[in-house]
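Chain residues, written in single-letter form:
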Amino acid sequence: MPGPLSGRDLLSINDLSPEEVRLVLDEARALKLRFYAGERIIPVLRGKTIALIFEKPSTRTRVSMEVAALQLGATPLVFNRNELQLGRGEPVKDTARVLSRYVDAIAARVYSHRSLVEMAAYADVPVINMLSDLEHPLQALADALTIIEKKGDLSRLKVVYVGDARNNVAHSLLLVVAKLGGHIVMAAPRQLWPRSEILEAAKLAAEETGAAIELMEDPREAVKGADVVYTDVWVSMGEEAEAEERRRLLQPYQVNAELMQLARRDAIFMHCLPAHRSEEVTEEVLEGRWSVVWDQAENRLHVQKAVLSLLLS
Ligand code: CP
Ligand code: NVA
């Protein structure tokens, strides 16, 4: 019998209802327990093939998606965009229709979110967002799992994101906390507050779940009483031309020990990685007692196994 997510695309956290977010997290927890009990191979996707297309570099996403597919018995096929005719101008819509005849799912990391929307419109198989300029949903699901493992029920927690609140990671984190009924505060210069369509979607989810959303400019005010302090790079892939301006704007938003002292004593520090030490975060915080970044990175694997098994089975 097909499950509630089978055959679906995952381009945005907003493609999932609050119940569906919980379903993915429950499945991830179950798979993680089995992994630690010694069941590394659970071949529910035996015989299936998954295309992974990268327009940008990746360490965590690429490796954890390949391993996730292999541990579920599926075969991952990894392509750099330029290895496909896509790189020579074959349209996304043609690529999507052709790949749909060969593989059981397409996952892609793209510059423009519009490419994913077009891919999903033309593909007959599930399309999964492995990061676009707008969102990074697989990251946010792993982040939610990590927060719940470390701190318990997200609906009782204050999660504070400090830095570029207009990027993919910030957008998906905002949506996932809103879907899970938590308190999310985004501290950023006004120009880097979340995009309006993401904020509106998060507010709509919050009406349903009782989540609280706050945007502010002062990072010190924001982190008071925080259970979780989260940051990401100041210059995302594809934004290199704005690097200087962004570094200037975001200088007051560095997560350092002094800022962490303003959060709760037992607060955790999170970062999707790769991190730029001495920019958005100091070495002292990234390597310090607050940091859960390695467990957070590990959870990419368990969450993606859950996503693949729910979408493809
Ligand atoms: N966090 C994350 O997506 O890392 P990669 O760019 O290494 O995949
Ligand atoms: N916001 C970052 C995340 C990298 C995983 C970027 O898009 O480069």
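Read on for an overview of the structure. Think of each chain on its own: its residues are numbered from 1, step by step along the sequence as written. By the order in which they are written, chains take letters starting at A while ligands take numbers starting at 1. Since the coordinates come from a predicted model, pLDDT governs what is reported: local features require at least 70, and pairs of side-chain atoms require 80 or more to be given and counted, while whole-chain, interface and lining totals use all residues. Excluded from the side-chain calculations are hydrogens and water; all other atoms, namely the structure's heavy atoms, are used.

Looking now at the overall build of the protein chain. Within the protein chain, the regular secondary structure consists of 12 helices and 9 strands. The reference for a compact globule is 2.2 Å times residues^0.38; the radius of gyration itself is calculated from the C-alpha atoms. In terms of overall size, the protein chain behaves like a compact globule, its C-alpha atoms giving a radius of gyration of 19 Å where 313 residues would be expected to give roughly 20 Å. Judged by the C-alpha coordinates and their principal axes, the protein chain covers about 55 × 45 × 35 Å. For the exposure calls, accessible area comes from a 1.4 Å probe over protein chains only, and a residue counts as buried if that area is under 20% of its type's maximum, exposed if over 50%, partly exposed in between. Buried residues in the protein chain amount to 57% of all 313 residues. Only heavy atoms enter the contact rule, under which two residues are in contact if any of them lie within 4.5 Å. Pairs at least 24 apart in sequence give 76% of the contacts found in the protein chain among residues at least 6 apart. Working note: accessible area of the protein chain is about 13,300 Å², and carbon and sulfur atoms make up 49% of it. In this tally Asp and Glu are treated as negative and Lys and Arg as positive; neither His nor the chain ends contributes. Charged groups are reduced to one reference atom each: NZ for lysine, CZ for arginine, CG for aspartic acid, CD for glutamic acid. A distance of 2 Å separates the average location of the 38 positive side-chain charges in the protein chain from that of its 45 negative side-chain charges. Helix and strand assignments come from DSSP, with helices taken as H or I runs of at least 4 residues and strands as E runs of at least 2, each series counted from the N terminus. Residue-level accessible areas treat just the shown protein chains as cover; the underlying method is Shrake-Rupley with a 1.4 Å probe.

This part covers the sheet that holds strand β4 (residues 127–129). Here, strands pair whenever DSSP counts at least two bridges between them. Pairing within the open sheet is parallel, and its 4 strands lie in the order β2-β1-β3-β4. Strands with a single pairing partner mark the edges of an open sheet, and in this sheet they are β2 (75–80) and β4. Sheet twist, expressed as the average angle between the axes of neighbouring strands with direction ignored, equals 20°. Relative to β2, strand β1 (residues 49–54) runs parallel, the two sharing 6 bridges. Among the inter-strand pairings, Leu52 is bridged to a residue of β2, identified as Val78. Angles run from 0 to 180 degrees between N-to-C directions of axes, and those axes are lines fitted to C-alpha atoms, restricted for helices to the stretch in contact.

Attention now moves to the site of ligand 1. As a matter of local geometry, ligand 1 sits amid Ser58, Thr59, Arg60, Thr61, Arg109, His136, Gln139, Cys272, Leu273 and Arg300. Between ligand 1 and Thr59, the relevant distance is 2.7 Å, taken from an oxygen atom to a main-chain nitrogen or oxygen of the residue. We define a polar contact as two N or O atoms separated by no more than 3.5 Å, with the added condition that, inside protein, one atom must be a possible hydrogen donor and the other a possible acceptor, whereas residues neighbouring each other in sequence contribute only through side-chain atom pairs. At a separation of 2.7 Å, an oxygen atom of ligand 1 approaches a polar side-chain atom of Thr61. Here ligand 1 loses 96% of its free accessible area of 250 Å² to cover by the protein chains. Throughout, the protein atoms alone are placed on a 1 Å grid, and a set of points is a cavity if a 1.4 Å probe fits but cannot get out or a pocket if it is open with protein on both sides within 12 Å along at least five of seven lines; lining residues have an atom within 4 Å of a point. By definition, a pocket or cavity contains a molecule when more than half of the molecule's atoms lie within 2 Å of the pocket's grid points. Here ligand 1 is seated within the largest pocket. Its residues assigned to classes, the shell around ligand 1 shows 2 nonpolar, 5 polar and 3 charged. Each residue is tested against the molecule or strand, and it is near if at least one of its non-hydrogen atoms lies within 4 Å. The residue classification treats Ala, Val, Leu, Ile, Met, Phe, Trp, Tyr, Cys and Pro as nonpolar and Asp, Glu, Lys and Arg as charged. All others, Gly included, are polar.

Glancing now at empty space enclosed by the protein. Grid points are joined across faces, edges and corners, and a volume is the space filled by probe spheres set on the points. A full pass over the atoms with the stated rule returns 1 cavity of 30 Å³ or more. Here the largest cavity is characterised by a volume of approximately 40 Å³. In terms of lining, the largest cavity is formed by Ile53, Glu55, Leu86, Val92, Ala108, Val110, Ser115 and Met119. Its residues placed into classes, the lining of the largest cavity shows 6 nonpolar, 1 polar and 1 charged.

By themselves, these are just geometric observations and shouldn't be taken as functional.
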